[in-house]
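# Residue-level structure breakdown
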Amino acid sequence: MPERSDRDYLAYVHARVAGLRRTAFLLCGDSHQADDFVQETLTKLYARWPRIGRVDNVDAYVHTMLVRVFLDDRRRGWWKVRLLTGPPEPPPAEGNPEDGPVVRAALAKLPPRQQAVLVLRYLCDKPVREVAELLRCSEGTVKSQTAHGLTRLRALLGVPDLEPAVSPNRW
Amino acid sequence: MIDERAVRLLRPLREEPEGPPLIDVPRTMVEGRRRRVLRRWSGGAALITLTSVAAGGGTLAVSALREPVPAPTVTATATAAPSQVAAAPAVPTGCKVTRLPTDGARKAALTAGDPSGRYLGGRTYGTGGGPIIWKDGRIFARPRLTGEDAGLNDINSSGVAVGSAFLGQRQQGYVYRDGRVTELDGQHTAPLAINDAGVIVGAIGEVLHEAPVRWDSPGATAVRLPLPAGMTSGRADAVDEDGTVVGRIAADSSKLDSGYLWLPDGTGRAMEMPEIEGGPADYFWPDSISNGWVAGRAVDDRADGSRWFTAMRYRIADGSWQKLPKNVHPNLIAENGWVAGGPAGRDEAPIITAGSEVVRLPRYKTAKEYEISTVSADGRRVGGYITDMEGELVGNEPLLWTCR
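Keep in mind that what you see is a predicted model, and the values were worked out from it rather than measured.

What counts and what doesn't
- Residues numbered from 1 in each chain as written.
- Chains lettered and ligands numbered in written order.
- Predicted model: local features only at pLDDT ≥ 70, side-chain atom pairs only at ≥ 80, totals over all residues.
- Heavy atoms only, no water.
- Helix = DSSP H or I, 4+ residues; strand = E, 2+ residues; numbered from the N terminus.
- Buried < 20%, exposed > 50% of the residue type's maximum accessible area, 1.4 Å probe, protein only.
- Contact = heavy atoms within 4.5 Å.
- Areas by Shrake-Rupley, 256 points an atom, 1.4 Å probe, with all protein chains shown as cover.
- Disulfide = S-S within 2.5 Å.
- Pairing = 2+ DSSP bridges.
- Axes fitted to C-alpha atoms, helices over the stretch in contact; angles between N-to-C directions.
- Left-handed = near helix turned anticlockwise from the far one by under 90°.
- Nonpolar A, V, L, I, M, F, W, Y, C, P; charged D, E, K, R; others polar.

### Quick look at the overall build of chain B
- Scanning chain B from N- to C-terminus turns up five helices and 30 strands.
- Across the 404 residues that make up chain B, the buried fraction comes to 55%.
- Put simply, of all contacts in chain B between residues at least 6 apart along the chain, 43% involve residues at least 24 apart.
- When the accessible surface of chain B is totalled, it reaches about 16,900 Å², and 51% of it is carbon and sulfur.

And the structure:
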């Protein structure tokens, strides 16, 4: 397969940058950090672009890289970790579980892979198989990480694990 | 099937990023081209590439790296064997890296190692994948653990390994010994470490209700480790050869946890907080224990919502702290006081610190992303794996570094 050109790269980026940024934003909840993640992902992509012709599914490949950039950022202990996004004031530990900042702060307390699994499955609407491919793990791992992540998130938000089918009146 | 309740739980986060994207596409090409050249011509050169994520999304904690090195001296402690400590040469030399065989699997991780450095454990992925044990660099056993996502967490010098798998939502701990796999006592068990005496420690209980636990032998009854008043959750991460256990405990699982020691005499104590820049740390998260030392990270949560880490080691005998010369993670301490450390940055291989000396381990092929899992008692064998996923590298490959 011939090497892919700069023109191809620019065309690809133009078509995909908005989608990548949205996924990055859903992962981290911060527009500026989402830009940083996409910048790094595209840099990696360009570094590999001449050889990318060997990759069957470029979109999946790029999204895998994006998730990896996110996980690396969250895992690497010696980076300054942004625990909370948005206002510097930490949101109350027991806030309304329907407020974005409260849910985001709770999500940030989960291990990075659990964060990624929940975001990819329930905000990016990706099926288990696709999430497993993005995270380079088995479907079983995705399921167990999902279960652990949800249990923990509910506990952090004070939402009962076995909620009735009809949402109770909060008043 | 999609879980509607889960979708509803996360729905408040379903927002769009603000403003126009600030992606500098020309810069991705300049920087990407530079990386192509680096990869092609510099190979294993120790070039530190600060990625744009590092530059833009956070600040490298250089202050911690540049401060005068406290030169942790190797001191015999109450539990130390002075002759071994005295015999340790200044630094490891002649380090080499080898990829371990994987029985045909392209992807495998090395997650466990014994003090002698002869036994290593991990898992392979793909069809026929599962736990694997190596002895002297060769495949020694393929234990079959019932359940999904079976993996090994530790192995001792007799080749007794501990690991776990998931039976539905329930995590089940197992022991592999002499060709046989047996279940550990208890429900929802996760054995994390085993010492040469066969003492196993880990966690027991459902997610959010995990408690530190010890099994005195593979067939023993699970014994919950005592928690101080007000503390309800935690786990035991590692066990020293004298039976000292280190772990992390918390008031409840929604709170952050911090280091705690269970001593062989049956008493326990919270690890005091080390002094770091500007006062005591908020938490300490242990990575390893050996010969009376604990190594790990001090955690500093600041008012602006940021979290900073400092790699430290702690001497159990007198409760003293020393900052480690490189601020990396994890920090796996050996019996002679050397510390195997994770990579100091992207594009770097792991390190071994001996006193104030830092020895960089060689890279494997073109791999840029490394995790380490184990160090031998003599500090000369470090096990881990790569997490690269480009070119001929396929995600995880198990590696062993050996030094003289």
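### Focus on the state of the cysteines
All names here are of chain B.
- If you walk through the whole model with that rule in mind, you get one disulfide over all chains.
- Note on cysteine connectivity: Cys 95 is disulfide-linked to Cys 403, with sulfurs 2.1 Å apart. Where Cys 95 bonds to Cys 403 through sulfur, the torsion about that S-S bond is close to 110°, and the disulfide is right-handed. With a gap of 308 residues between them, Cys 95 in the loop between helix H5 (82-87) and strand S1 (96-99) and Cys 403 in the segment after strand S30 (397-402) connect regions that are remote in the sequence.

### As for the pairing of strand S12 (residues 211-215) of chain B
Residues and elements named next belong to chain B.
- Across the five residues of S12, four count as buried, placing the element largely inside the fold.
- Strand direction decides the pairing type here: strand S11 (residues 200-204) and S12, joined by five bridges, are antiparallel. Within S12, the residue paired with Gly 202 across the bridge is Val 213.
- Pairing analysis gives two bridges linking S12 to strand S13 (residues 223-224), with the strands arranged antiparallel. Note on S13: the bridge partner recorded for Val 213 is Arg 224.

### Quick look at the sheet that holds strand S16 (residues 258-262) of chain B
All names here are of chain B.
- An order of S14-S15-S16-S17 is seen for the four strands of this open sheet, with the pairing classed as antiparallel. Only two strands of the sheet have a single partner each, and these edge strands are strand S14 (233-239) and strand S17 (268-270). Ignoring strand direction, the axes of neighbouring strands in this sheet form an average angle of 25°.
- When S14 meets strand S15 (residues 245-250), the two strands line up antiparallel, connected through six bridges. In the strand pairing of S15, Ser 233 is matched with Ala 250.

### Re the packing of helix H1 (residues 6-28) of chain A against helix H2 (residues 31-48) of chain A
Residue and element names in this part refer to chain A.
- Remark: H1 packs on H2, axes separated minimally by 9 Å, with the N-to-C direction vectors making an angle of 145°. Seen along the crossing, H1 lies across H2 with a hand that is right-handed. Judged by residue contacts, Asp 6, Tyr 9, Tyr 12, Val 13, Val 17, Leu 20, Arg 21, Ala 24, Phe 25 and Cys 28 of H1 engage Ser 31, Gln 33, Ala 34, Asp 35, Phe 37, Val 38, Leu 42, Leu 45 and Tyr 46 from H2.
- Each residue belonging to the contact of H1 with H2 can be placed in one class, and the counts come to 14 nonpolar, two polar and three charged.

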